[in-house]
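# What the coordinates show
Take a look at the letters that make up each chain.
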Amino acid sequence: MSTLSKSYLTEEQYLEIERKAEFKSEYYQGEMFAMSGAQMPHILITGNAFAELRQQLRRRPCTVYSSELRVCVTAAGLYTYPDVVVVCGEPKLLDSAFDTLLNPTVIIEVLSKSTEAYERGKKFELYSSLESLSEYLLISSDRVRAELFTRRPEGWLLTAKSNLEDSIDLKSVECQLLLADLYEKVEFGPA
């Protein structure tokens, strides 16, 4: 994530700029950060996760959204675009623009070398303040590996899988993601 501007912006200023922009930027505590493009493995994994969830949730009270939907972590002052988001029940939106979700149930981030530390660390910490968030799934884009963090009363439980025959069970939305499906047609570049 690179800084777009060093001058402090209010959330309202960010939203005004962002809603007119030709490219997406995230916002955290007064700063905008331009989002860079993704590589093919990241794009394929994101699309595969979206497609699998959409198929499984078609006739259920949950909806899956792509990375075009912004999520606001109000308590932290974060506006971000997760790779895939699932919301169950009625979506709670920031305002009448219908472009900023407040109550995700599941967030999926596909890891890249430039974002992995942030998505495992600070971003996960910020996401954790969302009371609606039940599960946080991290999917590697440079090897077969998926890590599911499930909210429990005593804290977050980690389940990790690294074989194409494995599956990840998203219990909050009653979906099962086979790693073979998530990594379908994905070719990893040189290490």
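Residues numbered from 1 in each chain as written. Predicted model: local features only at pLDDT ≥ 70, side-chain atom pairs only at ≥ 80, totals over all residues. Heavy atoms only, no water.

### Focus: the environment of Lys185
The condition that has to hold: The helix count covers DSSP runs of H or I at least four residues long, the strand count covers runs of E at least two residues long, and both are numbered beginning at the N terminus.
Mapped onto the secondary structure, Lys185 falls in the segment after helix H5 (179-182). Counting along the chain gives 33 residues from Lys185 to Arg152, while the straight-line C-alpha distance between them is 34 Å.

### Things to note about the pattern of salt bridges
What counts here: By definition, a salt bridge exists where a carboxyl oxygen of Asp or Glu is found within 4 Å of a side-chain nitrogen of Lys or Arg. Buried, partly exposed and exposed residues are distinguished by accessible area as a fraction of the type maximum, computed with a 1.4 Å probe on protein chains only: under 20%, between the cut-offs, and over 50%, respectively.
The tally for this structure, following the rule as stated, stands at 13 salt bridges. In this structure, the salt-bridge partner of Arg19 is Asp99, at a minimum N-O distance of 2.8 Å. One end of the pair, Arg19, is in the loop between helix H1 (11-18) and strand S2 (25-28); the other, Asp99, is in the loop between strand S7 (84-88) and strand S8 (100-101), with 80 residues separating them in the sequence. Classification of Arg19 by relative accessible area gives partly exposed; the value is 35%. Within this structure, Arg19, Arg70, Asp95 and Asp99 form a network of salt bridges that share partners.

### Looking at the sheet that holds S7
What counts here: In this scheme, strands are said to pair when DSSP sees at least two bridges between them. Lines fitted to C-alpha atoms define the axes, with helix axes restricted to the stretch in contact, and inter-axis angles between N-to-C directions lie between 0 and 180 degrees.
Strands sit in the order S4-S7-S9-S10-S11-S12 across an open sheet of six strands; the sheet is mixed. Edge positions in the open sheet fall to strand S4 (62-65) and strand S12 (155-161), since each of these has one partner strand only. If you compare each strand with its neighbour and ignore which way they point, the axes differ by 15° on average.

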